[in-house]
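As a plain string of letters, each chain reads:
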Amino acid sequence: MEKKYGVYICKGCGIEKAIDIEKLSKNAAKGAKVPEEIVKNHAVLCSPEGLELIKSDIKEGTNTIVIAACSPRVKYEEFDFPGTITERVNIRELVAWSQQPNTEEAQMTAADYLRIGIIKVQKGTLPEPNVLEDLSKTILVVGGGISGLSASLEAANAGYQVVLVEKEAELGGWAAKLYKEVPRQYPYEKLDDPIIFSKIKEVESNLNIKVFKSAVVEKTEGQPGLLDVTIRNNGTSETIRVGSVIMASGWKPYDAAKLGYLGYGKPNVITSVQMEEMAKKGKIIRPSDGKEAKKVAFIQCAGSRDQNHLPYCSSFCCATSLKQAKYVREKNSDAIAMIFYKDIRTPGQSEIFYKNMQNDPGVLLTKADVTGISDAGNSSLFVEAENALLGEKIKVEADLVVLAIGVVPSTRAPQEYLDGLTEAQKKGDVAKNAYLETTPKPEFILNLDYRQGPEIPSLEGAYGFADSNFICFQYETRRTGIYAAGCVRQPMNISEAQLDAAGTAMKAIQCVEHVAKGIAVHPRAWDITFPDPLLIKCTACKRCTEECPFGAIDEDEKGIPFYKINRCRRCGTCMGACPERIVSFKDYSVDMIGSMLKSVEVPDEGLRIIALACENDAYPALDSAAINRKQLHPSVRFIPVRCLGSTNLVWVADAFSRGIDGLILLGCKYGENYQCHFVKGSELANYRFSKVQETLDKLQLESERCQLIQIAISDYDKLPDMINDFVNRIEEIGPNPFKGL
Amino acid sequence: MAENKKVLIIGGGMSGLTAAIEAAEAGNNAVIVEKTPFLGGRVAQLNKYFPKLCPPNCGLEINFKRMKNNADVTFYTLAEVEKISGEEGNYDVTIKVKPRYVNDKCVGCNACSEACPVEMPNEFNFGLDKTKAAYIAHNQAFPFTYVIDDRHCKGASCAKCVDACKYDAIKLDMKPETVNLNVGAIVLATGWDLYDTSRLDILGAGKIQNVVTNMQMERIASPNGPTAGKILRPSDGKEVKNIAFVQCAGSRDENHLPYCSFICCMASLKQATYLREQYPDSKAQIFYIDIRTPGRYEQFYWKVKDDPNVTLTKGKVAKITEDPSTKDVTVEAEDIIAGKKIKAKFDMVVLAAGMVPSTKNSKISDDISYTPDGFVVPSSLKKGIYAVGTLKSPVDVAKSVQDATGVAIKSIQSARRSK
């Protein structure tokens, strides 16, 4: 595309009052080397008349457009010109609303921003999507319990082919072992028959679903749309191509053998899982003598909510014990059920079921911490507890004790194994080999061919649960195209698992549709650009492959990187990592941002500071500060970046060699509870900065001139002062000694 | 695009936004109908999420960006569905759109609001402060277009805003409009309201100035709230150093809401951290029946419990009274573990008020069954109509998002079935 430029300056919203538009137009033409006649202005550019000015130029062939007006976050529909390269230059929020009007500074700020914008479109080209061939839209579901079955049906009923892999000989998982389910609907009085068997039938009769039983996933290679999955089934392996994966591998009950203090091991102490089996068989009996149990004690939080066992709540055990209390009562009206709990947790409408059960005089609920189970003779037991109401210690006789056993995600064992391996690796090869030799390898679930590890990783402090890090985005995954459903993700009951399964099915089909169009998946779910390295200059340093948070880059035997582009989330971390500066997007590159910041005019007197701002959080925070008419320091120029992870160190050199006095990176919180949607963009930027600081010191440039500030979108009220503090420190240090050289 | 690939989403809160965007990103066409002038719902009113303590506006910003970049999501604000007829794949929907009195020419400059002489209670801040009749809810509102509240605006006789607007954006004679749509599926995502705590006589809500609701507390702690995020009490603007939280304010009570509202335990624990972070010498006491922090939320509970300045007391609050001279609040409760009565004075009391489904007070359609508490009975919904999130049972944002994402695929299935 041969570029024909148009530059349009809006005078509205106080812009005209803050700056001299004529001067800005002339300056733009001069500084950015565009002909003066293409720089136009309008009183209200977003008005129909203003837009007409642009549209008529587009008709005449203008295809590369710079609009100096408000923030790109507003008026996005008005200033949308498909087929063009359009850049929005924010001189309303970042100048007119946040600078002293009619000052030399405001004028210079606007001129810098406009020049930056023009250079950006000069350096950019119109993107085209990268669509790979032979893509599959089949969805792989691993696990045939309630979550896996539901996910399979949801995807199949939306028109997608599904491959379902179940480890056991039969479908159904834990849900098939239940006698009854907790009531699903108001008035929550009657226990429901298990829903799982109708789901199994539906799956087995659905022509879109291919079921593998007694099968495991040996290997998952490739990228979304092109995932080659090797399934081992009855001693033979076959490889199937799928588009995306739902991991619904479920949970295991906590190892009751570790709960000796709750009497496990004694014949009349069973787990809630065993209770279901018993109820399904018929009577509730004492295993020791087969007599009907008359006094059944339920011990809540058996393993759960316990620092020494499971430091989380397993969510459904309270309702399960209430349900099992109903088994006891319905099967033998003479029998009583006693539930010992820390807190009864029946959130939402399940509270009504709890109320109903409380109304049964044969169900006794006692708040207490159970300290032990002792023998009461004749195979009966005493439940011993403290901290009951009024602080009492109690001792109650029971002839059957049921431990409401906690949930352990199937990902826990692989996670622990991998964590151990990481630790061993840190100690060197000897330790690593010793670990590999001595540690039994647990069952892996997906066996992904993935640099960052073969499974969906657990978050820090998530005890193996393959959960999302984001409340707003429950299916934001660290393995592109691979989504976790059900209890492997969070402890949840059957109804919740069904909803969760539908959610993952949605993301799985969305992923294959996006890949088919060459569009990124969440969060940049509109982006058709992609990183395109100039490999001829690659030195095989492997930094991009190591730093890519999504395993999108591998290297060949010579160490030259190649992209599994459908794993890529378009954050630009590879672009930031590359010391040769060869990774570029069509609309975003090292050269582009470098040229933009080099175009900032450095005044003879006074400071000039560049701030690179994360476009999702820091940049909107700047806008919001401006909307509140907070002053932003006039020495600072803000340049949005996709993610701080895309910050290339050469920009530091670019800036300082030009005489820029300071550089701030504004990005998301990192570490535990990180907020970066590209996992560790700001953390990586900070790491790279720490390296560059040594170089700065060598150049006798104070390393304090570079700083990363972690901010959230809600920090807009504090942000101007944070920036002022930084500027003040630079003022104390003094101007960049390279200035004017 | 075939009309049956269109899905209507009633409600533009987190659930509605999620359902719409997820469906659209898989190639369907989503239309959101939102009753208020802005999208984002309750989430936009929150200061931080539990348990991460991250700002909800971050996720909203991403969702709005996804919408801006996706022509398959459109929305109507100030709009309500009046009538639904038809069947899966072919629902006719009548939407009433109330006038905003401000058109798309609005640039968000605030001149109308400055000129407006009328002050009214700020609903976004639950009446904790005032706003002008020409206003925008907050500085990250979406759409970033002002609105004029015709319940308070003096109309053409005043018209100061019209004169102040340089962009010809204000039209005080705007009329309601009716929009008819044909859609394949409908998602009900109208969310929840806070229980009317003034019905809880003994807890003093609405009578005692320094007794606020949990949602008011979110606004008080929010940087875009009435006190710019400083936790100050309503009566005199004094810093709150000693706070009490009363759990189950309405919830788990046969005389009020028989169900548990799910979010309130985590919300109060979270709000205790707001105070503790802002004032290192502050104290918080939480009165509860059971602490309900399911799943990994338990870890958050432990963290807050470990703070020596946070006290958790199992027991129901019997009475809340006000000291008329100091406006301090006295809470009388029973500590049922220690087996004693407590009477303690606080600067401010937060009622962890319960969640009421919006369908309790405004039914969406007559042929849907509701529980006596107003929740939708999912099995009563016609094919192609789906209820999401808090309309079915109280849930938090995470669970709403899960449900809403799942509902998106249901709407796609509806489209496919009716091909």
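Residues numbered from 1 in each chain as written. Chains lettered and ligands numbered in written order. Predicted model: local features only at pLDDT ≥ 70, side-chain atom pairs only at ≥ 80, totals over all residues.

Participant: Please clarify how the overall build of chain A should be interpreted in this entry.
Facilitator: Assigned secondary structure in chain A consists of 20 helices and 31 strands. With respect to the principal axes defined by its C-alpha atoms, chain A has extents near 100 × 60 × 60 Å. Taking all 741 residues of chain A together, 55% fall into the buried category. A fraction of 69% describes how many contacts in chain A between residues 6 or more apart in sequence connect residues 24 or more apart. (Helix = DSSP H or I, 4+ residues; strand = E, 2+ residues; numbered from the N terminus. Buried ≥ 20, exposed ≤ 12 C-beta atoms within 10 Å, placed from the backbone. Contact = placed C-beta atoms within 7 Å.)

Participant: Help me understand the sheet that holds strand β23 (residues 532-533) of chain A in this model?
Facilitator: In any sheet, the strands associate via hydrogen bonds between backbone groups, in a parallel or an antiparallel arrangement. Residue and element names in this part refer to chain A. Taken in spatial order, the 3 strands make up an open sheet running β23-β26-β27, and their pairing is antiparallel. Here the strands that pair on one side only, and so sit at the sheet edges, are β23 and β27 (588-589). With 2 bridges connecting them, β23 and strand β26 (residues 583-585) associate as antiparallel partners. The residue bridging P533 from the neighbouring strand is V583, located in β26. (Pairing = 2+ DSSP bridges.)

Participant: Explain the sheet that holds strand β4 (residues 79-87) of chain B here, please?
Facilitator: Residues and elements named next belong to chain B. The strand order β4-β5-β10 describes an open sheet built from 3 strands, whose pairing is antiparallel. Of all the strands in the sheet, the pair left with one neighbour each is β4 and β10 (177-183). Averaged over all pairs of adjacent strands, the angle between strand axes in this sheet comes to 20°, irrespective of strand direction. In the sheet, strand β5 (residues 90-97) pairs with β10 via 7 bridges, with the strands oriented antiparallel. When the bridges of β10 are listed, I95 appears paired with V179. (Axes fitted to C-alpha atoms, helices over the stretch in contact; angles between N-to-C directions.)

Participant: Even after reading the chapter, I still don't get the environment of A344 of chain B, so can you show me in this structure?
Facilitator: Residues and elements named next belong to chain B. Checked against the element boundaries, A344 lands in strand β19 (residues 340-346). The spatial distance from the C-alpha of A344 to the C-alpha of I320 is 9.8 Å, given a sequence separation of 24 residues. Setting aside its immediate chain neighbours within four residues, A344 contacts Q285 and V331.

Participant: In this structure, what is going on with the domain arrangement of chain B? I would like to understand it.
Facilitator: A common way to express how large an interface is: the accessible area buried when the components associate. Residues and elements named next belong to chain B. Per the domain assignment, the segments of chain B are domain 1 (3-98 + 176-193 + 356-417), domain 2 (111-164) and domain 3 (196-353). Relative to domain 2, the C-alpha centre of domain 1 lies at a distance of 27 Å. Across the boundary between the two partners, domain 1 contributes 8 residues, which contact 7 residues of domain 2. Class assignment for the residues of the side of domain 1 that touches domain 2 results in 4 nonpolar, 4 polar and no charged. (Domains from an automatic or database assignment. Nonpolar A, V, L, I, M, F, W, Y, C, P; charged D, E, K, R; others polar.)

Participant: Looking at this structure, I do not really get the packing of helix α6 (residues 146-157) of chain A against helix α13 (residues 494-517) of chain A. What am I missing?
Facilitator: Two packed helices can be described by the angle between their axes and the distance between those axes. Residue and element names in this part refer to chain A. Two numbers describe how α6 lies on α13: the axes approach to 8 Å, and their chain directions differ by 45°. Classified by the angle between their axes, α6 and α13 sit oblique to one another. Considering how the two elements wind past one another, α6 and α13 form a crossing that is right-handed. Across the interface between the two elements, I146, S147, S150, A151, E154 and A155 from α6 touch I494, A497, Q498, D500, A501, A502, T504, A505, A508 and I509 from α13. In terms of residue class, the contact of α6 with α13 is built from 10 nonpolar, 4 polar and 2 charged. (Parallel < 35°, antiparallel > 145°, perpendicular 65-115°, else oblique. Left-handed = near helix turned anticlockwise from the far one by under 90°.)

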